[in-house]
Every structure is written in C-alpha cells, then in structure tokens.
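Residue-level listing of the chains:
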Amino acid sequence: KKLAGKILTDKATKKDLIHAKITLRGRFVIGLMHEMEESIKRFNIVMGIDNEACERCKGCMNLYFGEDGKKKQNSNPHPRVEKDSPAWKLLAEQNWYDIKLYEYAVRLFDEQKERIDSYASMIS
C-alpha cells in the first residue's frame, strides 16, 4: 500500500498493485532475503562500496555472513505455516496483492542482474 501512496487502513486495489509495480521497477534495486549475499553485492555496486578496501564494510559483512564464509542467520524466527492449511489460505487471501507484488519483485531481481553486472564492469 505504501508504494502506491496508501495508508495501512486503506483497501488495496488492482490499480494500487500496478502503481506499486511501476514504483519498484523505476526506483528500487531489489534485494531478497533468500539471496542475501547477492543482494548486498548489488547494493554495494550501485552505491559504490568496495568491501575489500573498507575495513568497516568488511566488519559489517562478517557480522552477517561470518568471517569464515559460513552463513549466519539474518532474520528472526517465525512459526511455520503449512501450505494449504486454513491459516495459509487466510493469509494468502488477506495478502493477495502483497503476494503478487513479491512475485513481481522476484522477477525484477532476476531482470536486474544483467543490468547491475554491466554497470559493475563499466566502473571497475
């Protein structure tokens, strides 16, 4: 709702979903939790941050990903909701536009890879 200029209590519409998709495509570098390292790499490229040259940056990355390369967890635990359970169906129904926007963001993440890699090769 926020990406479409709505407040939390407003009812979302298909028009809002379209507006949110346009906003995502035009204004955001997409990052995904299940692709955290790739996401951080992309953010760093776009913002001009060189982890190797910046000790503070290395420390931050080590905090989230570990010095030895073993992944650390960067999320809070949540109870699992079984797919197709009554709770799952209710959540999916109540958050339909959010789900569609997330699916679109995942597609954008894939589409942005080539563009960001191309940008990285130009600046290095």
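See the structure above.
1. Quick word on the overall build of the chain
Step number 1: When helices and strands are tallied, the chain shows five helices and zero strands.
Step number 2: If you list the helices and strands of the chain from N to C, you get α-α-α-α-α.
Step number 3: The C-alpha radius of gyration computed for the chain amounts to 18 Å, which surpasses the reference 14 Å derived for 124 residues by more than 25%, pointing to a less compact arrangement than a globule.
Step number 4: For the chain, the spread of C-alpha atoms along the principal axes amounts to about 50 × 35 × 25 Å.
Step number 5: For the chain, buried positions account for 23% of its 124 residues.
Step number 6: For the chain, the proportion of contacts with a sequence separation of at least 24, taken over those separated by at least 6, is 58%.
Step number 7: As presented, the chain carries roughly 9900 Å² of accessible surface, and 56% of it is formed by carbon and sulfur atoms.
Step number 8: Charged side chains of the chain number 23 positive and 19 negative; the gap between the two group centres comes to 7 Å.

2. Points about the packing of helix H2 (residues 36–47) against helix H5 (residues 96–123)
Step number 1: At a minimum axis distance of 10 Å, the contact between H2 and H5 shows a crossing angle of 45°. Our classification of the angle between H2 and H5 gives oblique. Here H2 runs over H5; the crossing is left-handed. When H2 is examined against H5, the residues Glu38, Ser39, Lys41, Arg42, Ile45 and Val46 are found in contact with a partner set consisting of Phe109, Gln112, Lys113, Ile116, Asp117, Tyr119, Ala120 and Ile123.
Step number 2: Residue composition of the contact of H2 with H5, grouped by class: seven nonpolar, two polar and five charged.

3. Topic: the nonpolar core
Step number 1: Judged by nonpolar contacts, Leu17, Ala20, Leu24, Ile30, Leu32, Leu101, Tyr104, Ala105, Leu108 and Phe109 together constitute the single largest core of 10 residues.
Step number 2: Elements supplying a minimum of two residues to this core: helix H1 (14–27) and H5.
Step number 3: At five residues, the largest contribution of residues to this core is made by H5.
Step number 4: The contact partners of Leu24, leaving out residues within four places of it in the chain, are Leu3, Ile30, Leu101, Tyr104, Ala105 and Leu108.

4. Looking at the pattern of salt bridges
Step number 1: Taken as a whole, this structure holds seven salt bridges when the rule is applied.
Step number 2: A salt bridge links Arg25 to Glu111; its shortest N-O distance comes to 2.9 Å. With Arg25 in helix H1 and Glu111 in helix H5, this residue pair connects regions lying 86 residues apart in the sequence.
Step number 3: Look at Arg25 and you get partly exposed, because its relative accessible area is 40%.
Step number 4: The network of salt bridges with shared partners includes Glu38, Lys41, Arg42, Lys113 and Asp117.

Conventions we followed
- Residues numbered from 1 in each chain as written.
- Predicted model: local features only at pLDDT ≥ 70, side-chain atom pairs only at ≥ 80, totals over all residues.
- Heavy atoms only, no water.
- Helix = DSSP H or I, 4+ residues; strand = E, 2+ residues; numbered from the N terminus.
- Rg over C-alpha atoms; globule rule 2.2 N^0.38 Å.
- Buried < 20%, exposed > 50% of the residue type's maximum accessible area, 1.4 Å probe, protein only.
- Contact = heavy atoms within 4.5 Å.
- Areas by Shrake-Rupley, 256 points an atom, 1.4 Å probe, with all protein chains shown as cover.
- Lys, Arg positive; Asp, Glu negative; His and termini not counted.
- Charge placed at Lys NZ, Arg CZ, Asp CG, Glu CD.
- Axes fitted to C-alpha atoms, helices over the stretch in contact; angles between N-to-C directions.
- Parallel < 35°, antiparallel > 145°, perpendicular 65-115°, else oblique.
- Left-handed = near helix turned anticlockwise from the far one by under 90°.
- Nonpolar A, V, L, I, M, F, W, Y, C, P; charged D, E, K, R; others polar.
- Core = buried A, V, L, I, M, F, W, Y, C linked by side-chain atoms within 4.5 Å.
- Salt bridge = Lys/Arg side-chain N within 4 Å of Asp/Glu carboxyl O.

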